[in-house]
Amino acid sequence: MARILAITVTCALLAAACAKTDEPGTAPRTGPVRIGVSLPLSGDFSEPGKGIQEGYQLWAETVNEKGGLLGRKVELIFRDDASDPNRVSSDYESLITQDKVNLVFGPFSSRLVIPAAKVAESYNMLFVEPAGAAKEVFEQGFKRLFYAAPAIAGDHYNYLAEYITKLPEGQRPKTAAYASLDDPFAQGTAYGLRDKLAAAGITTVVDEIYPPDTTDFGPIAAKIAAAEPDIVVGGTQFEDSVGLVRALQELKVQPKLAAFSTGPTLPEFPAAVKNAAEHVLSPVGWAPTTDFPGNADLVKRYKAKFGGDAHEDAANGFTVGQVVEAAVNAVKCVEPTRECQDKLADHIRQGTFDTVVGPLSFDEQGRPEQAHMIQQYVGGKVEIVLPAEAKTADIVFPKQAW
Amino acid sequence: MTLLLQGLALGLLTGGLYALLAAGLSLYFGVMRVVMVAHPAFLFLAAYLTYSLHTGFGLDPLATMPITVPLFFGLGVLLQRVIIRGLDPMMSVLLTFGLALTVEGLLGTIYTGSYKSVSMDYATRSLSLGEVHLPYDKIIAFWIAVITLTALFALLVKSRFGRALRATVQHPEAARLVGVRTERVAGYGFGVGLATAAVGGTVLALVTPFFPASHWAWIGKLMAIIVVGGLGSVLGAALAAILLGVVEGLVLVTVDATWATLMFYAFLLVTLLLRPQGLFGGRLAHRF
């Protein structure tokens, strides 16, 4: 009799276990909150991938010190997708179905965010991501995707556009030259500024696009030199920002204002262009100096845990954590069920969240609605010059000759 | 008009740089029928060495060449002995592709994936001739290219080693019959090719920032140059490099950068269709 009972019980248990395997949403409601992340820890995006990972780890540490999410410890499960869009899909598939994680966080860059978000969407999981700003990300019809950074590409220069258009008539630049890498993100930043300035009556005199493997910027600078613009704007990554600055110097182009995306925000930039970095402007999503909630703590923790200085990638990872944490605490659930994940997504869509990159809110497609701060090299140091609330120094205009 | 002249001048100077960077590629093909996909990877390996010597010992980038050039010559001889020898051209593409990945991986491990640059004050100034500005870094690159290619040419034409090398290229068996140690000569030939990569890498370090995967942006352009010039012809490659540099510069200032990049492949396509031996290539056996 006892034996029959034992067999029956075992069968029942087995059946229950089998029934569970393909069904998300049956994770235990006690024990740690497991968060699944696939990141490019090797391959093309390994540097930023590791940076994001550091941000996630710091956030988990901070939360756990405060007693966890809804009283449960946070446990991060990392997979390395080797920057491969196919691998990122199968990673999230197995994180959700095999590891039965409670939540997922996004990977790095639009190229990996899109396939990853497709998987998350198919399991009705909330998908907050740190780095997928290309406009395609928001055109896939995702209902649970949110980009946890201040702005999409086109809005990066909003504060600068506002500053320039408000300058008194006599000081206001009249002509502008734009050179941009053929890349949706880099181009988006430059075009956002171009369209706003053009609308304010500043004439576009050069509008160049160059392919990603461009190695020689001399002739592009020659075109800019011939047009003698008041301001020069580069929709750049790193190599091209350095290439353009050097070529503009060589061809003796002296604009009153020079702004480049991405490149100048990296520590390698001043090393590569030396004194020419002075007064160069750049949009930046995060700065160590701002007093947004948790920022000072992030900077301190980063130094203690990883050595070196905190950076934007880590801050972006941290921001994802902060947004999700606020949502979980507000709706009081953290289960991978459709019901709970929908509640979380709905909450994020309607709210405004305090993060290390400033207050964030999102539109229907998950686009953030804020703008990037503007940084400038002043006296060889990176200072935030716009907006007024976050500034650490006054903007210098016109710039000194380079 | 000024813009055209400026484009022409910049194109000419850049063409000189291209000639230097492509010289090794045509040499390998001429000497050993090896398509050396890893040549740009070695260019950047040299750029990194220049960076290390510059930051570590404060050497001027140009002063690092007496160290890197012999090192690369030795490395080239060794590579040829150990892995390149006896490969047919198809296999050499695959094998040197692997070699390129290995070098890239090695650079990533040692120097991390972040950007490095060597910036000298003289590298961002320029010589002004009226309205046309000639950047000093490009002028330096151009003259280093001229000196290196002249030396390479003299070596191939005048020296005993050059004659042995050309004999090996033209008819290995006959060369062996008259006493040329073809194996050894081919090894030295490969070494000379890689030594040009050391020179090219130094110049690259001076003009552009780099990271481990930078070499992929160069392989297409350099391959196009040596095919347009005539595979295996060092002189042809140099002339094609100048031609393509000038065309690129002029298209850049008159049309845009996308069309300028396209020019390399347009010339490659037209060459392959109309004159597959290349603009300056004659019969295969007589090239060097």
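Quantities reported herein were computed from a predicted structural model and do not represent experimental measurements. (Residues numbered from 1 in each chain as written. Chains lettered and ligands numbered in written order. Predicted model: local features only at pLDDT ≥ 70, side-chain atom pairs only at ≥ 80, totals over all residues.)

1. Some points on the overall build of chain A
Turning to step 1, where the next piece is worked out: When its secondary structure is counted, chain A shows 12 helices and 14 strands.
Turning to step 2, where the next piece is worked out: For 402 residues, the compact-globule estimate of 2.2 N^0.38 gives 21 Å, and the C-alpha radius of gyration of chain A, at 24 Å, lies within 12% of that figure.
Turning to step 3, where the next piece is worked out: Dimensions of chain A along its principal axes, counting C-alpha atoms only, are 95 × 40 × 35 Å.
Turning to step 4, where the next piece is worked out: Across the 402 residues of chain A, 52% fall into the buried class.
Turning to step 5, where the next piece is worked out: Counted over contacts in chain A with a minimum sequence separation of 6, partners at least 24 positions apart contribute 70%. (Helix = DSSP H or I, 4+ residues; strand = E, 2+ residues; numbered from the N terminus. Rg over C-alpha atoms; globule rule 2.2 N^0.38 Å. Buried ≥ 20, exposed ≤ 12 C-beta atoms within 10 Å, placed from the backbone. Contact = placed C-beta atoms within 7 Å.)

2. Structural notes on the overall build of chain B
Turning to step 1, where the next piece is worked out: Looking only at helices and strands, chain B features 11 helices and 2 strands.
Turning to step 2, where the next piece is worked out: Starting at the N terminus and walking to the C terminus, you meet the elements of chain B as α-α-α-α-β-β-α-α-α-α-α-α-α.
Turning to step 3, where the next piece is worked out: Radius of gyration (C-alpha) of chain B: 19 Å, near the 19 Å computed for a compact globule of 288 residues.
Turning to step 4, where the next piece is worked out: Oriented by its inertia axes, the alpha-carbon framework of chain B measures out at about 60 × 50 × 35 Å.
Turning to step 5, where the next piece is worked out: Taken across its 288 residues, chain B has 55% of its residues classed as buried.

3. Thoughts on the sheet that holds strand β5 (residues 145-147) of chain A
Residue and element names in this part refer to chain A.
Turning to step 1, where the next piece is worked out: Spatial strand order, β2-β1-β3-β4-β5: 5 strands in an open sheet with parallel pairing. Of all the strands in the sheet, the pair left with one neighbour each is β2 (74-80) and β5. Across the sheet, the mean angle separating the axes of adjacent strands is 25° when strand polarity is ignored.
Turning to step 2, where the next piece is worked out: In this sheet, strand β3 (residues 103-105) lies alongside strand β1 (residues 33-39) in parallel orientation, the contact comprising 2 bridges. The residue bridging Gly36 from the neighbouring strand is Val104, located in β3.
Turning to step 3, where the next piece is worked out: Contacts between helix α4 (residues 110-122) and the sheet are confined to β1, β3, β4 (127-129) and β5, with β4 contributing the most and set at about 160° to the helix.
Turning to step 4, where the next piece is worked out: Where helix α11 (residues 312-331) meets the sheet, it contacts β3, β4 and β5, and its direction lies at approximately 145° from that of β4. (Pairing = 2+ DSSP bridges. Axes fitted to C-alpha atoms, helices over the stretch in contact; angles between N-to-C directions.)

4. A look at helix α7 (residues 218-227) of chain A
Residues and elements named next belong to chain A.
Turning to step 1, where the next piece is worked out: Burial analysis of α7 places 9 of its 10 residues in the buried class, which makes it a mostly covered element.
Turning to step 2, where the next piece is worked out: For α7, the complete set of buried residues consists of Gly218, Pro219, Ile220, Ala221, Ala222, Lys223, Ile224, Ala225 and Ala226.
Turning to step 3, where the next piece is worked out: One or two positions beyond α7, positive phi appears at Glu228, with a value near 45°.

5. Some words on the domain arrangement of chain A
Residues and elements named next belong to chain A.
Turning to step 1, where the next piece is worked out: By the assigned domains, chain A splits into domain 1 (23-151 + 291-361) and domain 2 (155-284 + 373-390).
Turning to step 2, where the next piece is worked out: Relative placement of domain 1 and domain 2: their C-alpha centres are 32 Å apart.
Turning to step 3, where the next piece is worked out: Across the boundary between the two partners, domain 1 contributes 6 residues, which contact 7 residues of domain 2. (Domains from an automatic or database assignment.)

6. Some thoughts on the environment of Ala225 of chain A
Residue and element names in this part refer to chain A.
Turning to step 1, where the next piece is worked out: Mapped onto the elements, Ala225 comes out in helix α7.
Turning to step 2, where the next piece is worked out: Between the C-alpha atom of Ala225 and that of Val253, which follows or precedes it by 28 residues, the distance is 5.4 Å.
Turning to step 3, where the next piece is worked out: If we skip the residues at most four places from it in the chain, Ala225 touches Leu251 and Val253.

7. Let's talk about the pairing of strand β7 (residues 203-210) of chain A
All names here are of chain A.
Turning to step 1, where the next piece is worked out: Two elements, strand β6 (residues 175-181) and β7, share 7 bridges in a ladder whose sense is parallel. The residue of β7 that forms the bridge with Tyr178 is Asp207.
Turning to step 2, where the next piece is worked out: On the question of chirality, the crossover connecting β6 to the parallel β7 by way of helix α6 (residues 184-199) is right-handed. (Right-handed = clockwise from strand over helix to strand, strands pointing away.)

8. Description of the interface of chain B and chain A
Turning to step 1, where the next piece is worked out: Contacts between chain B and chain A engage 25 residues on the former and 32 residues on the latter.
Turning to step 2, where the next piece is worked out: Listing elements by their share of the side of chain B that touches chain A, those giving two or more residues are α1 (2-32), β2 (132-135), α10 (234-254) and α11 (257-274) of chain B.
Turning to step 3, where the next piece is worked out: Broken down by element, the side of chain B that touches chain A gets its largest block of residues, 6 residues, from α1 of chain B.
Turning to step 4, where the next piece is worked out: Here the side of chain B that touches chain A is composed, by residue class, of 9 nonpolar, 15 polar and 1 charged. (Nonpolar A, V, L, I, M, F, W, Y, C, P; charged D, E, K, R; others polar.)

9. Things to note about the UniProt feature "transmembrane region" (unreviewed entry) in chain B
Residue and element names in this part refer to chain B.
Turning to step 1, where the next piece is worked out: Under the feature "transmembrane region" (unreviewed entry), the UniProt entry names residues 29-51, 63-84, 90-111, 139-157, 185-210, 222-244 and 250-274.
Turning to step 2, where the next piece is worked out: Annotated as 100% helix and 0% strand, the span residues 90-111 places its first and last C-alpha atoms 32 Å apart.
Turning to step 3, where the next piece is worked out: Taken end to end, residues 185-210 is 88% helix and 0% strand, and its first and last C-alpha atoms sit 34 Å apart. (UniProt positions renumbered as here; feature names shortened; annotations may be inferred.)

10. With respect to the confidence of the model for chain A
Turning to step 1, where the next piece is worked out: Here chain A shows a mean pLDDT of 89. Residues at 70 or above account for 93%.
Turning to step 2, where the next piece is worked out: With pLDDT under 50 throughout, residues 11-26 of chain A is counted as low confidence; its partners more than four residues away or in other chains account for 12 contacts. (pLDDT = per-residue confidence, 0-100.)

11. Observations regarding unusual backbone geometry
Trans is the prevailing form of peptide bonds, just as negative phi is the prevailing case for residues other than glycine.
All names here are of chain A.
Turning to step 1, where the next piece is worked out: In this model, Leu386 is joined to Pro387 through a cis peptide bond whose omega is -5°.
Turning to step 2, where the next piece is worked out: Topologically, Pro387 is positioned in the segment after β14 (381-386).
Turning to step 3, where the next piece is worked out: Of note in the backbone geometry, Thr262 takes a positive phi value of approximately 60° without being a glycine.
Turning to step 4, where the next piece is worked out: Positionally, Thr262 belongs in the loop between β9 (257-260) and α9 (268-273).

12. A short note on the UniProt feature "domain: Leucine-binding protein" (unreviewed entry) in chain A
Turning to step 1, where the next piece is worked out: As recorded in UniProt, the sites labelled "domain: Leucine-binding protein" (unreviewed entry) are residues 32-380 of chain A.
Turning to step 2, where the next piece is worked out: The span residues 32-380 of chain A is 41% helix and 19% strand, and its two end C-alpha atoms sit 46 Å from each other.

13. A word on the pairing of β1 of chain A
Residue and element names in this part refer to chain A.
Turning to step 1, where the next piece is worked out: Among the 7 residues of β1, 7 are classified as buried, and the element is accordingly described as predominantly covered.
Turning to step 2, where the next piece is worked out: Residues Val33, Ile35, Val37 and Leu39 point to one face of β1 and Arg34, Gly36 and Ser38 to the other, with burial holding for every one of them.
Turning to step 3, where the next piece is worked out: Looking at chain direction, β1 and β2 are connected through 7 bridges and run parallel. Across the sheet, residue Ser38 finds its bridge partner in β2, namely Arg79.
Turning to step 4, where the next piece is worked out: Tracing the backbone out of β1, into helix α2 (residues 46-65) and back to the parallel element β2 gives a crossover that is right-handed.

14. Structural notes on the confidence of the model for chain B
Residues and elements named next belong to chain B.
Turning to step 1, where the next piece is worked out: Summing up the model confidence of chain B, the mean pLDDT is 89 and the portion of residues at 70 or higher is 97%.
Turning to step 2, where the next piece is worked out: This model gives residues 284-288 a pLDDT under 50, and the stretch forms 14 contacts once residues within four places in sequence are excluded.
Turning to step 3, where the next piece is worked out: Reported confidences for the modelled complex are a pTM of 0.82 and an ipTM of 0.85.

15. A look at the environment of Val396 of chain A
Residue and element names in this part refer to chain A.
Turning to step 1, where the next piece is worked out: Mapping Val396 onto the fold places it in the segment after β14.
Turning to step 2, where the next piece is worked out: On a C-alpha basis, the gap between Val396 and Tyr163 in space is 12 Å, while along the polypeptide they are 233 residues apart.
Turning to step 3, where the next piece is worked out: Once residues lying within four places of it in the same chain are set aside, the contact partners of Val396 are His279, Gln376 and Val378.

16. Some details on the packing of helix α6 (residues 160-170) of chain B against helix α8 (residues 182-207) of chain B
Residues and elements named next belong to chain B.
Turning to step 1, where the next piece is worked out: Here α6 crosses α8 at 105°, and the two axes come no closer than 9 Å. For the element pair α6 / α8, the angle class is roughly perpendicular. Taken together, the residues of α8 that come into contact with α6 (itself represented by Phe161, Ala164, Leu165 and Thr168) are Thr182, Val185, Ala186, Tyr188 and Gly189.
Turning to step 2, where the next piece is worked out: Looking at the contact of α6 with α8 residue by residue, the class counts come to 6 nonpolar, 3 polar and no charged. (Parallel < 35°, antiparallel > 145°, perpendicular 65-115°, else oblique.)

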